[in-house]
Amino acid sequence: MHSKKRPGSLRFLITAGGTREYIDPVRFISNASSGRTGFALARAALKAGHKVTLVTAPTAQRPPNGARIVKVKTAAEMFEAVKAHFNKCDCLIMAAAVADYTVAKPSRTKFKKTNKSLTIELKPTSDILKWASRHKTRSQVVVGFALEDQAIRERAEKKLKDKNLDMIIANSPAAIGSDKSTVQIKTPHTKWLKLPLASKTIIARQIISLIESI
Ligand code: CTP
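Computed from a predicted structure; not experimentally measured.

Student: Sorry, what's going on with the layout of surface pockets here?
Tutor: Empty space within the largest pocket amounts to approximately 850 Å³. In terms of lining, the largest pocket is formed by 38 residues, of which the most central are Ala96, Ala97, Val98, Phe145 and Leu147. Within the residue set of the lining of the largest pocket, elements represented by two or more residues are α1 (36–47), α3 (128–135), β9 (141–147) and β10 (167–171). Here the residues of the lining of the largest pocket are counted per class, giving 18 nonpolar, 14 polar and 6 charged.

Following this line, the structure appears as structure tokens:
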């Protein structure tokens, strides 16, 4: 890491939770994200004296005091919220588990069951991180997560490069829904740094402190 500390309070835009992609008004496709990491990052940033806008998909987490909360449900809504707040932030952290696919033709009315099999067509969502990297100014920092079960460093490093990120935080599926996690962190200018297994609160504090020194 560079030793230069960013002065004063930063404006963080943090996303959290797993998006919901609706099949009909009451059914959706989602994932097991608890939102803990994103909320812990928001709390850690606030504790360090920064300003936080937290864009969150539905979670059971308690909103941190002092953060501006933007509630969303779908990947498309999360994308709109990030677009609306991005130019006012110094650092975007995409901790949300954004669905890579959404339902191609959601039904406006509740689906009725039949005794036939059902195929649901999915279409890709927009990659929010890629959009942010393309639109960032030189002073903005964009941080992504990579959830990998194999070849963790290799794949995460590919995301760091492909998405033109300032930092990638790699974790494994064991982190999902857990109180603790081990993460590995890389920036374009530094070697891999492995943070030992710790609570998401501790990990979040370490991440915020590393971002301050980018
Ligand atoms: N992400 C995003 N927009 C999406 C999907 C994911 O901004 N539509 C962000 C996530 O918030 C995370 C990072 O991209 O910070 C990595 O997400 P991940 O699902 O691990 O990677 P993908 O690039 O989607 O690739 P794959 O699922 O094939 O590993």
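Back to the text.
Student: Looking at this model, I keep getting lost on the site of the ligand. Mind explaining?
Tutor: Taken together, 16 residues form the shell around the ligand, and within it Met94, Ala96, Phe145, Lys159 and Lys163 come nearest. Ile128 places a main-chain nitrogen or oxygen 3.0 Å from a nitrogen atom of the ligand. Between the ligand and Lys163 there is a distance of 2.8 Å, counted from an oxygen atom to a side-chain nitrogen or oxygen. In a pocket analysis with a 2 Å cut-off to the grid points, the ligand is assigned to the largest pocket. Elements with a minimum of two residues in the shell around the ligand: α3 and β9. Here the residues of the shell around the ligand sort into 9 nonpolar, 3 polar and 4 charged.

Student: Would you mind showing me how to read the sheet that holds strand β4 (residues 51–56) here?
Tutor: What holds strands together in a sheet is hydrogen bonding between their backbones, with the strands either parallel or antiparallel. Read across the sheet, 8 strands follow the order β5-β4-β1-β6-β9-β10-β11-β12 without closing on themselves; strand pairing throughout is mixed. Edge positions in the sheet fall to β5 (68–71) and β12 (193–199), since each of these pairs with one other strand and no more. Strand-to-strand twist of the sheet, defined as the mean angle between neighbouring strand axes without regard to direction, takes the value 20°. The pairing of strand β11 (residues 180–186) with β12 spans 5 bridges and is antiparallel. Bridging from a neighbouring strand, Lys180 pairs with Ser199 of β12. Contacts between helix α4 (residues 152–162) and the sheet are confined to β9, β10, β11 and β12, with β10 contributing the most and set at about 150° to the helix.

Student: What exactly am I supposed to notice about the packing of helix α2 (residues 75–86) against α3 here?
Tutor: A pair of packed helices can be characterised by two numbers: the angle between their axes and the separation between those axes. In the contact formed by α2 and α3, the axes pass within 10 Å of each other and the chain directions differ by 20°. When the axis of α2 is compared with that of α3, the two are roughly parallel. Here α2 and α3 pass one another in a crossing that is right-handed. Here Ala75, Met78, Phe79, Val82, Lys83 and Phe86 of α2 lie close against α3, whose contacting residues are Ile128, Trp131, Ala132 and His135.

Student: Mind showing me how you'd approach the pattern of salt bridges here?
Tutor: Two side chains that carry opposite charge are able to pair once their charged atoms sit near each other. Under the criterion given, the structure shown has 9 salt bridges. The shortest N-O distance in the salt bridge between Arg11 and Asp90 comes to 3.1 Å. One end of the pair, Arg11, is in strand β1 (residues 11–16); the other, Asp90, is in the loop between α2 and β6 (91–94), and 79 residues separate them in sequence. Its relative accessible area of 38% is what places Arg11 among the partly exposed residues.

Reading the values: rules and limits
- Each chain carries its own residue numbering, running from 1 in the direction its sequence is written.
- This being a predicted model, a pLDDT of at least 70 is required before a residue's local features are given, and a value of 80 or more before pairs of side-chain atoms are given or counted; all residues contribute to the totals for chains, interfaces and linings.
- Each side-chain value is worked out from all heavy atoms of the structure, with water and hydrogens disregarded.
- For cavity detection a 1 Å grid was placed over the protein atoms alone, and a set of points counts as a cavity when a 1.4 Å probe fits there but cannot get out; an open set counts as a pocket when protein lies on both sides within 12 Å along at least five of seven lines, with lining residues being those that have an atom within 4 Å of a point.
- Grid points are joined across faces, edges and corners, and a volume is the space filled by probe spheres set on the points.
- Comment: elements are numbered from the N terminus, with helices defined as DSSP H or I runs of at least four residues and strands as E runs of at least two.
- As a working rule, the residues Ala, Val, Leu, Ile, Met, Phe, Trp, Tyr, Cys and Pro are called nonpolar, Asp, Glu, Lys and Arg charged, and the rest polar, with Gly in that last group.
- One heavy atom within 4 Å of a molecule or strand is enough for the residue carrying it to be called near that molecule or strand.
- Here a polar contact means two N or O atoms within 3.5 Å. Within protein one must be a hydrogen donor candidate and the other an acceptor candidate, and residues neighboring in sequence count only if both atoms are side-chain atoms.
- By definition, a pocket or cavity contains a molecule when more than half of the molecule's atoms lie within 2 Å of the pocket's grid points.
- Strands pair, by our definition, only if DSSP identifies at least two bridges between them.
- Lines are fitted to the C-alpha atoms to define the axes, a helix being fitted only along its stretch in contact, and any angle between axes, read from their N-to-C directions, falls within 0 to 180 degrees.
- In what follows, a contact means two residues having at least one pair of non-hydrogen atoms within 4.5 Å.
- Any angle that falls under 35 degrees is termed roughly parallel, while one over 145 is termed roughly antiparallel, one within 65 to 115 roughly perpendicular, and all others oblique.
- Definitions for this section: a left-handed crossing has its near helix turned counterclockwise from the far helix by less than a right angle. A right-handed crossing has that turn clockwise.
- One speaks of a salt bridge when a side-chain nitrogen belonging to Lys or Arg is within 4 Å of a carboxyl oxygen belonging to Asp or Glu.
- Residue burial is assigned from relative accessible area. The probe radius is 1.4 Å, only protein chains are included, and a residue is buried under 20% of its type maximum, exposed over 50%, and partly exposed in between.

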